[in-house]
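Chain by chain, the residues run as shown.
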Amino acid sequence: MEQILAFVLGAGIALFVWGVVVAFKTVKKVKQIEQRITSHQDWISRNDELINRRIDQEVDRTNNIFNDCIRHTDSRVDKLEAKLTSIPKEILKG
């Protein structure tokens with residue numbers, strides 16, 4: 001009976017020690033995974049900022065091109081209008 005009790009207590013202590021070791025290893029792995037997750041989140045955040053900045057630059061560039069086209073078209077229309085308004089005067093002088 002004493003041997004069985006000693007065996008059970010010994011096995012219980014061994015399992016307890018093994019459980020503590022496994023718990024510490026698990027905590028260590030969890031911390032490593034948390035660090036990886038944090039670094040991935042930082043990387044994603046930086047890339048998100050870069051993409052948003054790039055999109056803003058492209059929108060500004062497109063707006064500038066559009067405004068240049070509008071200015072160019074407006075100046076051509078003004079020149080055409082000036083020519084058309086001068087034609088009736090030439091005909092009247094004729």
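Everything discussed here concerns the structure shown above.
In this report, the structure presented in the accompanying data block is examined. Not measured: the values here are computed from a predicted model.

Another aspect to go through is the overall build of the protein. Along the backbone of the protein there are 1 helix and 0 strands. Taken over C-alpha atoms, the radius of gyration comes to 40 Å for the protein, far larger than the 12 Å a tight globule of 94 residues would show. Summarising its shape, the C-alpha atoms of the protein cover approximately 135 × 15 × 5 Å along the three principal directions. For the protein, the residues scored as buried account for 0% of the 94 residues in total. As displayed, the protein offers around 9200 Å² of accessible surface, 65% of which is attributable to carbon and sulfur atoms. For the protein, the distance from the average site of its 15 positive side-chain charges to the average site of its 13 negative ones is 6 Å.

A separate point is the pattern of salt bridges. Taken as a whole, this structure holds 3 salt bridges when the rule is applied. Here E58 makes a salt bridge to R54, at a shortest N to O gap of 3.3 Å. In this pair, E58 and R54 both sit in helix α1 (residues 2-93), 4 residues apart, roughly one turn of the helix. Among the ionic contacts, a cluster of salt bridges with common partners joins R54, E58 and R61.

Of note, N52 is situated in helix α1. Residues N52 and V30, 22 residues apart in the sequence, show an inter-C-alpha distance of 32 Å.

This part covers a nonpolar patch on the surface. A contiguous nonpolar patch, built from I13, F16, V17, V20, V21 and F24 and spanning about 600 Å² of accessible area, is present on the exposed surface. Topologically, I13 is positioned in helix α1.

So, on to the environment of A11. Mapped onto the secondary structure, A11 falls in helix α1. Separated by 47 residues in sequence, A11 and E58 place their C-alpha atoms 69 Å apart.

Reading the values: rules and limits
Residues numbered from 1 in each chain as written. Predicted model: local features only at pLDDT ≥ 70, side-chain atom pairs only at ≥ 80, totals over all residues. Heavy atoms only, no water. Helix = DSSP H or I, 4+ residues; strand = E, 2+ residues; numbered from the N terminus. Rg over C-alpha atoms; globule rule 2.2 N^0.38 Å. Buried < 20%, exposed > 50% of the residue type's maximum accessible area, 1.4 Å probe, protein only. Areas by Shrake-Rupley, 256 points an atom, 1.4 Å probe, with all protein chains shown as cover. Lys, Arg positive; Asp, Glu negative; His and termini not counted. Charge placed at Lys NZ, Arg CZ, Asp CG, Glu CD. Salt bridge = Lys/Arg side-chain N within 4 Å of Asp/Glu carboxyl O. Patch = residues over 30% accessible without salt bridge, like charges linked within 9 Å, V, L, I, M, F, W, Y side chains within 5 Å.

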